[in-house]
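Coordinates in review
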Amino acid sequence: MAWDPSCYLRFGAQRLRPAAELLARVPLTAPDSIVDLGCGPGNATRLLADRWPLAELTGVDRSSEMLAKARRDGPDAGWVEADLADWTPNRRFDLLYSNATLHWLDHHDVLFPRLMAFLRPGGVLAVQMPRNFAAPSHVLLRDTAASGPWAAQLANVLQEDPVGEPAFYYGLLSGSASSIDIWETEYLQVLEGEDAVLNWVRGTALRPVIETVDAELLGAFEARYAERLRAAYPRRPDDGRTLFPFTRLFVIAVARDETPGN
Ligand SMILES: C[S@@+](CC[C@H](N)C(=O)[O-])C[C@H]1O[C@@H](n2cnc3c(N)ncnc32)[C@H](O)[C@@H]1O
């Protein structure tokens with residue numbers, strides 16, 4: 001799937017806030033080696049570089065468009081194009097950090113334990129993912145995709161919900177972690193302008209549709225979806241803004257020292 005960094009960064013401040021709130025809870029003082037998993041345009045990677053300027057920093061992403069933007073405007077780091085589903089580094093790290101990426105991958109029951117295995121003892125896995133597949137924005141996207149002349153093209157394109165309950169991640173990680181910190185936050189996002197929610201999802205959840213549906217049908221798809229979004233998220237009569245509640249899940253796990261005796 002092709003990403004559009006400028007479309008994604010249109011709501012840069014709202015998208016960066018959870019990245020900073022995740023980072024604030026990482027219980028490390030001076031990690032030597034850090035990987036930003038799904039680094040995108042490198043904005044969150046810059047937060048990592050600012051907090052630990054001496055660390056060896058790597059950004060991994062499978063989008064060449066995002067990596068090009070990160071190389072151009074991001075911090076001094078190594079940038080690696082890879083799919084996290086089979087990314088297999090031949091070393092271990094102090095911090096694996098991932099903001100707003102792992103919900104694009106399935107099979108978290110395999111993925112999360114696999115990532116923990118790439119940590120040094122005492123290393124940290126820190127993850128933030130939206131947990132909003134049941135929100136009107138996503139339900140209406142799937143409903144619109146399923147009925148209309150584009151339905152056949154979109155039959156297997158939109159993802160099933162890969163993100164579990166908070167307790168699911170506790171269960172996955174507790175065996176290999178010495179401590180776990182999990183929480184959820186619902187942000188009441190205040191968006192400006194016309195069709196604000198449509199513009200938000202154009203940078204993320206709508207990307208697979210934009211990539212798949214024929215150009216002559218895409219306008220009709222967006223018009224139908226936008227009409228439903230306007231009903232679900234009306235602009236406020238007082239200031240014209242749109243309130244877009246958005247739930248995000250945060251998971252921080254510290255790798256246990258597996259050395260016998262520890
Ligand atoms: C919503 S952006 C988040 C970017 C960045 N972490 C941030 O906080 O702004 C999601 C990123 O995940 C990347 N991504 C999605 N699936 C991936 C996969 N399987 N392997 C590597 N990167 C992936 C996309 O290319 C995109 O850059």
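Described in the following lines is the structure provided in the data block. (Residues numbered from 1 in each chain as written. Predicted model: local features only at pLDDT ≥ 70, side-chain atom pairs only at ≥ 80, totals over all residues. Heavy atoms only, no water.)

Moving on to the overall build of the protein. Regarding its fold elements, the protein presents ten helices and seven strands. Relative to a compact globule of 262 residues, whose C-alpha radius of gyration would be 18 Å, the protein shows 19 Å and is just as compact. A principal-axis box enclosing the C-alpha atoms of the protein has dimensions of 60 × 40 × 35 Å. Each of the 262 residues in the protein was classed as buried or not, and the buried ones make up 49%. Within the protein, contacts between residues separated by at least 24 positions form 77% of all contacts whose residues are at least 6 apart in sequence. About 12,200 Å² of surface is accessible on the protein, with carbon and sulfur atoms providing 50% of the total. Across the protein, the centroid of the 26 positively charged side chains sits 3 Å from that of the 35 negatively charged ones. (Helix = DSSP H or I, 4+ residues; strand = E, 2+ residues; numbered from the N terminus. Rg over C-alpha atoms; globule rule 2.2 N^0.38 Å. Buried < 20%, exposed > 50% of the residue type's maximum accessible area, 1.4 Å probe, protein only. Contact = heavy atoms within 4.5 Å. Areas by Shrake-Rupley, 256 points an atom, 1.4 Å probe, with all protein chains shown as cover. Lys, Arg positive; Asp, Glu negative; His and termini not counted. Charge placed at Lys NZ, Arg CZ, Asp CG, Glu CD.)

Think of an α-helix as turning once every 3.6 residues; residues three or four places apart then point the same way. For helix α4 (residues 64–73), the complete set of buried residues consists of M66, L67 and A70. One face of α4 carries all of its buried residues, which in axial projection span an arc of 95°. Buried-residue contacts for α4 involve α1 (5–8), β2 (56–61) and β3 (78–81). (Arc of directions from axis to C-beta.)

The next thing to look at is the pairing of strand β7 (residues 242–255). The buried count for β7 comes to eleven of 14 residues, which makes it a mostly enclosed element. Direction of pairing for strand β5 (residues 119–130) relative to β7: antiparallel, over a ladder of seven bridges. Within β7, the residue paired with L125 across the bridge is A253. For strand β6 (residues 177–191) and β7, the ladder comprises 14 bridges, and the chain directions are antiparallel. Within the sheet, the bridge partner assigned to Y187 lies in β7 and is F246. (Pairing = 2+ DSSP bridges.)

Turning our eyes to something else, we now look at the pattern of salt bridges. All told, the structure shown has 14 salt bridges when counted by the stated rule. A salt bridge links R62 to D83; the nearest nitrogen and oxygen atoms lie 3.4 Å apart. Note that R62 is positioned in the loop between β2 and α4 and D83 in the loop between β3 and β4 (93–99), a separation of 21 residues in sequence. Residue classification places D83 among the partly exposed positions, given a relative accessible area of 28%. For R120, the salt bridge goes to D94, with nearest N and O atoms at 3.0 Å. Of the two residues, R120 sits in strand β5 while D94 sits in strand β4, which places them 26 residues apart along the sequence. By relative accessible area, which is 29% here, R120 ends up partly exposed. (Salt bridge = Lys/Arg side-chain N within 4 Å of Asp/Glu carboxyl O.)

Next up on the list: the site of the ligand. The environment of the ligand is formed by 17 residues, the closest being Y8, G38, D61, D83 and N99. In the model, an oxygen atom of the ligand is placed 3.4 Å from a nitrogen or oxygen of the W3 side chain. A distance of 2.9 Å separates a nitrogen atom of the ligand from a polar backbone atom of L84. Contact with the protein chains hides 98% of the accessible area of the ligand, taken as 590 Å² for the molecule alone. For the shell around the ligand, the class distribution of residues is nine nonpolar, five polar and three charged. (Near = heavy atom within 4 Å. Polar contact = N/O pair within 3.5 Å; in protein donor to acceptor, adjacent residues only side chain to side chain. Nonpolar A, V, L, I, M, F, W, Y, C, P; charged D, E, K, R; others polar.)

Let us look at the packing of helix α6 (residues 136–146) against helix α10 (residues 215–232). Taken N-terminus to C-terminus, the directions of α6 and α10 make an angle of 145°; their axes are 10 Å apart at the nearest point. Considering the relative orientation of α6 and α10, their crossing is right-handed. Of the residues in α10, those in contact with P136, S137, L140, L141, D143, T144 and A145 of α6 are F221, R224, Y225, R228, L229 and A232. Each residue belonging to the contact of α6 with α10 can be placed in one class, and the counts come to eight nonpolar, two polar and three charged. (Axes fitted to C-alpha atoms, helices over the stretch in contact; angles between N-to-C directions. Left-handed = near helix turned anticlockwise from the far one by under 90°.)

A few words now on the side chain of R248. Position of R248 relative to the elements: it lies in strand β7. For the buried R248, which has no salt bridge, the nearest side chain bearing the opposite charge is E21, at an N-O separation of 8.1 Å. A distance of 3.2 Å separates the side chain of R248 from the side chain of Q128, its partner in a polar contact.

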